[in-house]
Amino acid sequence: MNLPAPFAQRAAKGAAWVREQGAAGRIVTIVHHIDADGVTAGAIALEACQRSGVAARPRPVKSLDPHHIGLLLREGHSALWFCDLGSTAYMHFPATPKLVCDHHQLVRDGGEEAFPHVNPLLDGLDGGEVSGAGCAFAVAFALDARNLDLLPVALVGASADRQDRPLHGINATYLAAATKTGLVEAATDISFFGTETRALTKFLSLANEPAIPGVAGDATGTQRLLRDAGIALSEGGRERTWADLDEAERTALRGALVARLLDCGLAGDAESLFRTVVRLPREPKGPTRELREFGTLLNSTARYDRSDVGLAVARGERGAMLEEALELLGDHRRHLVGALDALSKRPIQELRALQWVHLEDAVRDTVVGIVAGMALGGALGLRQDIPLIAFAWTP
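Conventions we followed
- Residues numbered from 1 in each chain as written.
- Predicted model: local features only at pLDDT ≥ 70, side-chain atom pairs only at ≥ 80, totals over all residues.
- Heavy atoms only, no water.
- Pairing = 2+ DSSP bridges.
- Helix = DSSP H or I, 4+ residues; strand = E, 2+ residues; numbered from the N terminus.
- Contact = heavy atoms within 4.5 Å.
- Axes fitted to C-alpha atoms, helices over the stretch in contact; angles between N-to-C directions.
- Buried < 20%, exposed > 50% of the residue type's maximum accessible area, 1.4 Å probe, protein only.
- Phe/Tyr/Trp six-rings, centres within 6.5 Å; stacked < 30°, edge-to-face > 60°.
- Core = buried A, V, L, I, M, F, W, Y, C linked by side-chain atoms within 4.5 Å.
- Arc of directions from axis to C-beta.
- Polar contact = N/O pair within 3.5 Å; in protein donor to acceptor, adjacent residues only side chain to side chain.

A closer look at the sheet that holds strand S1 (residues 28-33)
The strands that make up a sheet pair up through hydrogen bonds in the backbone, lying either parallel or antiparallel. Spatially, five strands are ordered S2-S1-S3-S4-S5 in an open sheet, and the strand pairing comes out parallel. In this open sheet, the two edge strands, each paired with only one partner strand, are strand S2 (56-61) and strand S5 (117-118). In this structure, S1 lies alongside strand S3 (residues 79-83), joined through five bridges in parallel fashion. Residue pairing for S3: Ile30 is matched across the bridge by Trp81. Strands in contact with helix H2 (residues 36-51) are S1, S2 and S3; relative to S1, the strand with the most contacts, it is inclined by about 165°.

Structure representation (structure tokens):
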């Protein structure tokens, strides 16, 4: 895999560190963030350790603030592998063997090179071209090339961190390798979320990037467009999804959507109707088959204190664990709907360069950012030319 040489060298040092911990008989504590990128990074690290015979255990954290740093110090871990965080907190663990796989802003205090540290920013690369999961994968692959099969999980992490608009840099290298080996399939397709799981009416009417007149927010108008395009809404008593359509039906529907944009004088929005959709062909139809949906599924686990479920599903467990994840996903969606409703009833404080709102206890602090993103993305008609900062109470 043709990774940038400095980045690959850092990954090789990380792999050597993992081997050293195994040889020393230490248990590696994998400290990972609770978003989907953190969960996928933690899953890759945990799987890589266990495949190599290195004892490891996960430790999810919401952040590395003073509270969580204090907890980790009091717990007395013998070795720490930080995933999707750590580049601003490594100095608090001077006596503990550590490896950091992060892509966020880092602290340059002279000690950032004193331990294995995989962060693209260290070498002038873009923190948006590889995720925490992608950094953890680089170490796993350097540890054993057979860990290539973990690459789709890294791409899920990148997508969940919105790095797939489009995938570039190291992520593009990962995508090419995964496509070449048949681990994923990538194709230009409709850009809307929910290709695998959302019934067609919801799939189209809930989409607002771009917002299609007579379709976005209009279930009746959506059904009319589908009928006019010759698309059956259901089959065998079950509502159809985009994944259920054959290519002729997809072509007809894509054409109808483009025509609607053109008729409404919105030709400039037509390009944003399409994106590179990446699917995992070894997965059955459902939320684990497409990157963005897989990421949403994982976000519904650790953010609600069930990182064990997210880690299990990311590592390939299905059956009961997947069923539990799906239940959590339903709860996650209901929570987001309630939080958006609460936000719609709160006054938005507008300043010259930003707008803000305090949701207090109407939303979990672990998902307040998701809610703000949904609101700013068009769900509530807020100004989109300035950022929205949302606050929530922390337990």
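Having seen the model, we can carry on.
Topic: the environment of Val371
The residue Val371 is located in helix H13 (residues 368-379) in this model. The class of Val371 is buried, set by a relative accessible area of 0%. Taking C-alpha positions, Val371 is 8.3 Å from Ala390, a pair spaced 19 residues apart along the chain. When neighbours within four sequence positions are excluded, Val371 is seen to be in contact with Leu336, Ala339, Leu340, Leu343, Leu359 and Val363.

Let's talk about the pairing of strand S4 (residues 98-101)
Here S4 shows two buried faces, one formed by Lys98 and Val100 and the other by Leu99 and Cys101. As paired elements, S4 and S5 share two bridges and run parallel to each other. By the bridge assignment for S5, Val100 is matched with His117.

As for the packing of aromatic side chains
Following the criterion strictly, the structure yields seven aromatic pairs and no others. Note on Phe137 and Phe141: the rings are 5.8 Å apart at their centroids and 20° apart in plane angle, and the pair reads as stacked. Residue Phe137 and its partner Phe141 are both found in helix H4 (residues 132-143); the two are separated by four residues, about one turn of the helix. Residues Phe192 and Phe203 carry aromatic rings whose centres are separated by 5.9 Å and whose planes lie at 65° to one another, so their mutual orientation is edge-to-face. Pair noted here: Phe192 is in the loop between strand S6 (185-190) and helix H7 (200-205) and Phe203 is in helix H7, with a separation of 11 residues, a long-range link. Given a relative accessible area of 3%, Phe192 falls into the buried group. Among the aromatic residues, those joined into a ring-pair cluster are Phe137, Phe141 and Tyr174.

Structural notes on the nonpolar core
Inside soluble globular proteins, nonpolar side chains tend to come together where they are buried. With 65 residues, the main nonpolar core has Phe7, Val18, Ile30, Ile44, Trp81 and Tyr174 as its most contacted residues. By residue number, the principal contributor to this core is H2, which donates nine residues. If we ignore the near neighbours within four places in the chain, the residues touching Trp81 are Trp17, Val18, Val28, Thr29, Ile30, Val31, Ala45, Cys49, Leu99, Cys101, Ala136 and Val139. Ranked by size, the runner-up nonpolar core spans 18 residues in total, among them Leu204, Ala207, Leu226 and Leu257.

What about helix H8 (residues 219-228)?
Of all the residues in H8, the buried ones are Gly221, Thr222, Leu225 and Leu226. All buried residues of H8 project into a common sector of 140° when viewed along the axis, lining one side. Of the exposed residues in H8, those oriented more than 90 degrees away from the buried face are Thr220, Arg227 and Asp228. Close packing links the buried residues of H8 with H7 and helix H9 (247-263). The N-terminus of H8 is capped by Asp218, whose side-chain oxygen sits 3.2 Å from the backbone nitrogen of Thr220.

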